[in-house]
Amino acid sequence: MEFDFAAEQPKLLMLMYGLIAFVVVVGGLLLLLDVVPAWFARRREAQLVAASLSGAPLTRRPKQREGLFALFFLLPTLLLLIVGLVVPAIRTTLLSLMDGGSTNWVGLRNYGWMFSDDSIVRVLINTLVWVLLVPLVATAFGLLYAVLVDRVRFEAVAKSLIFLPMAISFVGASIIWKFVYAYRGEGDQIGLLNQIVVSLGGEPKQWLLESPLNTLLLIVILVWIQAGFAMVVLSAAIKSIPGDIVEAARLDGVSPWQMFWRITMPSIRPALIVVVVTLSIGTLKVFDIVRTATNGNYDTSVIASEMYNQAFRYGQNGQGSALAVFLFILVIPIVIYQVRNLRQQREG
């Protein structure tokens, strides 16, 4: 089939305009961030040279000018933050107080619906199970990997293989595991799990249709992906433990088990907190795995997938927005805890 440039001209022009806009905006920002600081640096250097030659005291820059200078560099970030986060958050909150068509105000009715509808209560319970299991199990496996491969032969190769799932998208990982859980009636199975069950004399099952087992099987996918991330962070923390502490503990005759609980665990506690908090926030927002594997059917839906379904599939903007606001509220305490923890670490 021949490509018709005349018919595709509007699309090509739109693509060209997009590329030009990208080059202008990004190139302009890069040029601005390179030229402006360099100009101020040269100006300050000239003032220093002039002051040193004349022997006159160097005049300090007024605090007001320093504030304007800082605001100049913070302004692009503030604008992006307002446009990309603050305005959508306010709009979503307002939509959560309206009906499905976003025409009439209904107050807190959508929030009452979340806790009274049995199907949505199941969604909230599923989300709680995800948040409780994924961070703990993924961190535990990551810590186990970090300890086992620490300073062993072919450590780099082992870590690369463990970290490899992180390079796969959530959608790709979900498709891979759907083949693992695949079911094909009687006889030979294409799913690895069912083939193992059949080889052991069992009966194949449709694993993703059985609740609540299907939720646990979906959790396995995220744990498989995130264990590599936990392993990398915790392995770096283990390697940063001072060697004299480890050597002193060995001279005292501590066992490997005592070394782990009394030396390793207290030393890597900040890294453990970072990993658990990061995984908790990511788990609260999980969407791709549920959407790809089951589309939220068979009692596997979570807040993020149900939010999408309510707003875009069922046309219930108010209920979908209420779920989005509730998800945002769940993330806030975790973020506050992490900020406090980092502040205490700096002060300590």
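For the structure, check the block above.
Throughout what follows, the structure given in this document is the object of discussion. Residue positions within a chain follow its written sequence, with the count starting from 1. With the structure being a predicted model, the display of local features is reserved for residues of pLDDT at least 70 and the display and counting of side-chain atom pairs for 80 or more, all residues being used for whole-chain, interface and lining totals. To obtain the side-chain values, all non-hydrogen atoms of the structure were included, while hydrogens and water were left out.

Concerning the overall build of the protein chain
Move 1: A run of DSSP states H or I qualifies as a helix once it reaches four residues; a run of E qualifies as a strand once it reaches two. Both are numbered from the N-terminal end. For the protein chain, the helix and strand inventory stands at 14 helices and 0 strands.
Move 2: Secondary structure elements of the protein chain occur, N-terminal to C-terminal, as α-α-α-α-α-α-α-α-α-α-α-α-α-α.
Move 3: Projected onto its principal axes, the C-alpha coordinates of the protein chain cover approximately 95 × 75 × 55 Å.
Move 4: Across the 348 residues in the protein chain, those meeting the buried criterion constitute 32%.
Move 5: Any two residues whose heavy atoms approach within 4.5 Å are treated as being in contact. Across the protein chain, every contact between residues at least 6 apart in sequence was considered, and the portion connecting residues at least 24 apart equals 64%.
Move 6: Surface summary for the protein chain: the accessible area is close to 22100 Å², and the carbon and sulfur share equals 68%. Whether a residue is buried, partly exposed or exposed follows from its accessible area with a 1.4 Å probe, protein chains only, as a fraction of its type maximum: under 20%, in between, or over 50%, in that order. Only the protein chains shown count as covering a residue, and every accessible area follows the Shrake-Rupley method with a 1.4 Å probe.

Quick word on the side chain of T283
Move 1: Looking at the secondary structure, you find T283 in helix α11 (residues 269-284).
Move 2: Since its relative accessible area comes to 1%, T283 is described here as buried.
Move 3: Contact partners of T283, with chain neighbours within four places excluded, come to W130, V131, V134, P135 and L222.

Comments concerning the packing of aromatic side chains
Move 1: Two aromatic rings, drawn from Phe, Tyr or Trp (for Trp, its six-membered ring), form a pair once their centres lie within 6.5 Å of each other, and the interplanar angle then sorts them: stacked below 30 degrees, edge-to-face above 60, tilted otherwise. Tallied over the full model, the rule gives 9 aromatic pairs.
Move 2: Relative to Y181, the ring of W177 has its centre 5.7 Å away and its plane inclined at 50°; by these criteria the two rings are tilted.
Move 3: A relative accessible area of 16% places W177 in the buried class.
Move 4: Since its relative accessible area comes to 5%, Y181 is described here as buried.
Move 5: Here the aromatic rings of W177 and W224 are separated by 5.7 Å at their centres, their planes lie at 70°, and the arrangement is edge-to-face. One end of the pair, W177, is in helix α6 (residues 170-180); the other, W224, is in helix α8 (residues 213-239), with 47 residues separating them in the sequence.
Move 6: One aromatic cluster is present, formed by W177, Y181 and W224 through successive ring pairs.

Some details on the packing of helix α4 (residues 118-148) against α8
Move 1: Helix axes are fitted to C-alpha atoms over the stretch in contact, other axes to C-alpha atoms as well, and angles between N-to-C directions run from 0 to 180 degrees. Interhelical geometry of α4 versus α8 gives an angle of 40° and a closest axis separation of 6 Å. Judged by the angle between their axes, α4 and α8 are oblique. For the pair α4 and α8, the sense of crossing is right-handed. Roughly parallel means an angle under 35 degrees; roughly antiparallel, over 145; roughly perpendicular, 65 to 115; everything else is oblique. The sense of a crossing depends on the near helix, which, turned anticlockwise from the far helix by less than a right angle, makes the crossing left-handed and, turned clockwise, makes it right-handed.

Notes on the nonpolar core
Move 1: Put simply, a nonpolar core is a bunch of buried Ala, Val, Leu, Ile, Met, Phe, Trp, Tyr and Cys residues held in one set by side-chain atoms that sit within 4.5 Å of each other. Counting residues in each nonpolar core, the largest one holds 43 residues, and the members touching the most others are W130, L218 and I268.
Move 2: Within the residue set of this core, elements represented by two or more residues are α4, α6, α8, α9 (243-251), α10 (256-267), α11 and α12 (288-293).
Move 3: The element best represented in this core is α8, accounting for 12 residues.
Move 4: Excluding residues that lie within four positions of it along the chain, L218 makes contacts with W130, L208, I289, V290, A293, T294 and T300.

Observations regarding unusual backbone geometry
Move 1: Residues S211 and P212 are joined by a peptide bond in cis, for which omega reads 5°.
Move 2: You can see P212 is positioned in the loop between α7 (192-199) and α8.
Move 3: Look at N295: it is not a glycine, yet its phi comes out positive at around 60°.
Move 4: Of note, N295 is situated in the loop between α12 and α13 (303-313).
Move 5: A positive phi angle is found at D299, which is not glycine, with a value near 60°.
Move 6: Counting through the fold element by element, D299 comes out in the loop between α12 and α13.

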